[in-house]
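So you can see what is in the structure, the chains are spelled out below.
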Amino acid sequence: MKKNGKLFVIAGSSGVGKGTLLKLFLQKNPQIKLSISYTTRSPRPGEIDGINYFFTSKEDFQLAVKNNEFLEWAEFSGNYYGTKASYVEKTLAEGHHLILEIETQGALQVMEKFPNAEFIFILPPSLQDLEARLRGRGTETEDAIQKRLSAVKSELEVSKKFTHRIINDNIEIAVDELQKIFDKE
Ligand code: 5GP
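Summary of the structure given here. (Residues numbered from 1 in each chain as written. Predicted model: local features only at pLDDT ≥ 70, side-chain atom pairs only at ≥ 80, totals over all residues. Heavy atoms only, no water.)

1. Re the packing of aromatic side chains
Basically, it comes down to this: Here a pair means two rings of Phe, Tyr or Trp (six-membered ring of Trp) with centres within 6.5 Å. Their orientation is stacked below 30 degrees between planes, edge-to-face above 60, and tilted elsewhere. Where helices and strands are cited, they refer to DSSP runs of H or I of at least four residues and of E of at least two residues respectively, numbered from the N terminus. Each residue gets one of three labels from its accessible area relative to the maximum for its type: buried under 20%, exposed over 50%, partly exposed in between, using a 1.4 Å probe on protein chains only. Any Lys NZ or Arg CZ that is within 6 Å of a ring centre and within 35 degrees of that ring's normal is treated as a charge sitting over the ring.
In the structure shown here, the tally under the stated rule is 13 aromatic pairs. Here the aromatic rings of Phe25 and Phe182 are separated by 4.6 Å at their centres, their planes lie at 45 degrees, and the arrangement is tilted. Residue Phe25 is located in helix 1 (residues 18–28), and its partner Phe182 is located in helix 7 (residues 171–184); the two are separated by 157 residues in the primary sequence. Considered together, Phe25 and Phe182 belong to a single accessibility category, that of buried residues. Grouping aromatic residues by their ring pairs yields a cluster made of Tyr38, Phe54, Phe61, Phe70, Trp73 and Tyr80. Of note, Lys58 hangs over the ring of Tyr80, and the distance from its end group to the ring centre comes to 5.5 Å. We note Lys84 situated over the ring of Tyr38; from NZ or CZ to the ring centre the distance is 4.1 Å.

Below, the structure is given as structure tokens:
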């Protein structure tokens, strides 16, 4: 019997450069699959249905929720995003390693169902660095700076539930750290 693939879930603070990190990583590891999510948001210029996302209506999404088709789903910025359970199960059963790049609430749902998956949280450089950068820019109000810092503090709390944390300070180093996590498996 074929050995099952392993599931990796990547989440992280917004604007932390998860996308760029994953793109570089997948260029080096073309055998690893990246799950394609369902979303109700509209495609951005250049995005293709079935490649970047499966773009779907709110009605169809809600029907799939009702029919229990999602491994996880969440609302983010007024739109729904979700991962179909059947796709994940099939891909792993075929022996492929699979990455889900999803927001935090979805990742927490996957922890319940796949406790043996690897959960990786991408963090920005330290709070002090972030604060210095925000102040250095001089474009942010004190209120905006405090809001941003407190959002990062609560993300730091949630990130403790993840099996791995990567600080995306230097992109090359971050890609190497991600590589080490996969090479261990
Ligand atoms: P964007 O609209 O910028 O492509 O994605 C917004 C957020 O939704 C990102 O944090 C992304 O990781 C997350 N996301 C994308 N697909 C899924 C999914 O299937 N489930 C969940 N929970 N989040 C997703």
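2. Structural notes on the nonpolar core
Here is the rule we go by: We call a set of buried residues a nonpolar core when its members are Ala, Val, Leu, Ile, Met, Phe, Trp, Tyr or Cys and they connect through side-chain atoms within 4.5 Å of each other. Should any heavy atoms of two residues lie within 4.5 Å, those residues are counted as being in contact.
One finds Leu7, Val9, Val88, Leu100, Val110, Phe119 and Phe162 to be the most contacted residues of the largest nonpolar core, which totals 18 residues. Mapped by element, the contributors of at least two residues to this core are strand 1 (7–12), helix 3 (85–93), strand 7 (98–101), helix 4 (104–113) and strand 8 (118–123). Setting aside chain neighbours within four positions, we find Val110 in contact with Leu7, Val9, Leu71, Glu72, Leu100, Ile102, Pro115 and Phe119. With 17 residues, the next largest nonpolar core counts Phe8, Ile10, Ile122 and Ile166 among its residues.

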